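Chain by chain, the residues:
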Amino acid sequence: MAFMADSSWLCVKIVRLIQTVAWLLTYVLEKGLVMYGKQIYEKRRKNVSESDGIIHRRRTITNAGEKLRMVFPETLYDVMLFGKQLSDNGPCVGYRPSKDAAYVYLSYEQLLKRSRDFGAGLLTLGGHVGSGSLVGLFAKNCVEWTMVEYGCLAYGMVTAPLYDSLGSESCFQVTEFYEIQVMVCGGDSHIKTLTGNGQLPASLRTIITIDPLPEDRVVEIESLGVKVLTVAAVEEMGRANPRPVSPSKPDDLATLIFTSGTTGMAKGVMLTHREFVACLKSLMTTFMPIRFSPDDTALGFLPLPHIFERIVEKIIHLHGGKVGYLSGDITSLFKDAKDVQPTFFPFAPRLMCRIHDQIETDINRSAWRYFVAKIALAFKKLEMQSGVFRNNSVWDWLLFKRYQAMLGGKIRVGLTGSAATDGEVLNFTRAVFGCYIFEAYGQSEACGPITCTPYGEVSADHVGVPFFNVEVKLVDVPEMGYYASDGKGEICSRSPCNMHGYFKMPEKTAETIDKDGWLHTGDIGMWLPNGNLKIFDRKKHVFKLSQGEYLAPERLESAFNRSSLITNIFIDGDSKYPFCVALVYPNYDALGGPKDNPTPEAVKQVIMDELIRIGNESKFKSYEIPKKIFILDEAFSVENGCVTPSQKTQRDGVRTRYRNLIVGLYKETDRGKTGLSGRQYS
């Protein structure tokens, strides 16, 4: 028995020794490969030129535009015609007929035929050919959404898409303000969102639904003076009354993109066909050496009313590829991706973090996977430093294929934007999926792109260099202490892609685009030594505290959000007080258990210590570290109005929802207490 006990003890010691040696070997190997990779990277040249030294204007140096050698369409309607020709009338858009059914795809001609029928039906109802006619579109991503869009484009009409997170009041106001007479809705839930105080917008004359409504509901809506039809009925009208196609000219208005509305009423960004097509050309040229073809596929899961998803789908259709639409809500994404097998994937930052966390959790469950992953990631990141991105290495076959299958296993290029992305998470995702993921920065007002990481760029925490045919400069923001002569200032862009202006808002347009055509983004950036642009602040959301100091909450939130203990943080300031306060939703998994286990006071203290630690490491001034915090009971989401669909904090939404809590944090100070405790339920 003693011998057996000694043997067992010896086996445990041997196993631990092997684990220690393996850990040391992987650590040394990983560090060595990273250092070697940095030496390779430092030899790479800057990819920008600079002129007008005082304002630091930069433009990408590239002859990729000459290498593209592609004839471009003049209008968005032509995009679909190009795709039909290149694909030989192949599959265009797909959907699931039922929950467990396989995807069914319409060909390019089938979609175009339905689009022409729908457009002709709108004209039969009294619509007008030309860019003065707005057609509202309020539905989730689906085949009919795209069909309606191209039905409008076929006859020169302008789409004005709404989205759920605008909220009921804003959707009502937007419809009235922009005098939208025809609204295509997904179903009754969208109609109810449009309803304010029991009434529909006064401008509205016709509602066309994708899903048929019960007869009693139709009677109820029509009693309000609004005609109700189905998309199928309008298509039938068009088939009975065909009209010759009459698309817009390049300089005609194509669509309105409504801003996310972090403050105030949503503004309608006017984009012409020429501006949209210039954006597609700029993106494709910037993506070189990546080329697209009819073999490419995308999963349409980001909201189509936003510029990001529209650009992704237009690129796919321009090259004759196909798009499969999400069959349900975001929870069906992984299932749908396995069936659609996308090759071009828009990695929204929040989704990328979710994928990263799932993969890391799975890797850490197995000592073998953990050991292999450490070495595999080091070697793959070394290849990435050399400009090699692949999914057929030995490491892919040993480990990463199982994770690549989560998104269909065929992704060859990705794109991320809309919000800041953690550099470590981004490079981890690039390595695991074996593809280059471009990180872009832009705005709806710029028709999407302003800057982008060039192919092969793997340094972190910046947004790359200007897109092809886009100029970027920094201008002084003296009230915040930023000067272009120091390489810091407000980011401004000028390009053929910039918007035509805000619809019916000339004053707002003049505030955003100056007389020289520069778009003022409101973001604060700086040029890094390697020529890349880093965004580190926001001009718009600045508070002046009681001692006269200015506080930029978004810069602080960006730093604090890097903590693994924090899921959401919102920082607010008040000119009557010398400090800021914060609302925090913690990452309870990182805190070590379900959210109901830690006491509120314990969680609060851990988070407070974390904020102080990060603030000190970041060399924040004392007034930039929140003095009072409140632990929330729910994360920020589109549903509760705290973030936009592009995952930006909806500051007015958070402030309105939690106004009493924020006021309470300051009142506690007035009473001389140390802060609020407890948790918010709402």
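If you're wondering where the values come from, they're calculated on a predicted model, not measured in any experiment.

It is not clear to me how helix 5 (residues 143–153) should be interpreted in this structure. Could you clarify?
Note: α-helices contain 3.6 residues per turn, so residues at a spacing of three or four share the same orientation. Across the 11 residues of helix 5, 10 count as buried, placing the element largely inside the fold. Residues V143, W145, T146, M147, V148, E149, Y150, G151, C152 and L153 constitute the buried set of helix 5.

Can you walk me through unusual backbone geometry in this structure?
The omega torsion of the bond from M288 to P289 falls at 15°, within 30 degrees of zero and hence cis. As for its position among the elements, P289 is in the loop between helix 10 (273–286) and strand 12 (297–300). Non-glycine residue D461 carries a positive phi angle of around 65°. Mapped onto the elements of the fold, D461 is located in the loop between strand 17 (448–452) and strand 18 (465–466). Within the chain, N469 stands out as a residue other than glycine whose phi angle is a positive 70°. In this structure, N469 sits in the loop between strand 18 and strand 19 (471–475).

What is the right way to read a nonpolar patch on the surface from this model?
A surface patch of nonpolar side chains, about 410 Å² in accessible area, is lined by W368, F371, V394 and L398. Those elements that provide at least two residues to the nonpolar patch are helix 14 (367–385) and helix 15 (394–404). As for its position among the elements, L398 is in helix 15. Note on L398: relative accessible area 46%, which makes it partly exposed.

What should I look at first to understand the sheet that holds strand 3 (residues 91–95) in this one?
Hydrogen bonds between backbone groups are what pair the strands of a sheet, and the pairing can be parallel or antiparallel. Spatially, four strands are ordered 4-3-13-12 in an open sheet, and the strand pairing comes out mixed. On the outer flanks of this sheet lie strand 4 (104–107) and strand 12, each paired with one strand and no other. Across this sheet, the average inter-strand angle for adjacent strands is 20°, counted without regard to direction. Two elements, strand 12 and strand 13 (residues 322–325), share four bridges in a ladder whose sense is parallel. Across the sheet, the residue bridging to A298 is V323, located in strand 13. Contacts from helix 11 (residues 307–318) reach strand 3, strand 12 and strand 13, with the element oriented near 150° to strand 12. Across the sheet, helix 12 (residues 333–340) is in contact with strand 4, strand 12 and strand 13; its angle to strand 12 comes to roughly 160°.

The rules we used
- Residues numbered from 1 in each chain as written.
- Predicted model: local features only at pLDDT ≥ 70, side-chain atom pairs only at ≥ 80, totals over all residues.
- Heavy atoms only, no water.
- Buried < 20%, exposed > 50% of the residue type's maximum accessible area, 1.4 Å probe, protein only.
- Helix = DSSP H or I, 4+ residues; strand = E, 2+ residues; numbered from the N terminus.
- Patch = residues over 30% accessible without salt bridge, like charges linked within 9 Å, V, L, I, M, F, W, Y side chains within 5 Å.
- Areas by Shrake-Rupley, 256 points an atom, 1.4 Å probe, with all protein chains shown as cover.
- Salt bridge = Lys/Arg side-chain N within 4 Å of Asp/Glu carboxyl O.
- Pairing = 2+ DSSP bridges.
- Axes fitted to C-alpha atoms, helices over the stretch in contact; angles between N-to-C directions.
- Contact = heavy atoms within 4.5 Å.

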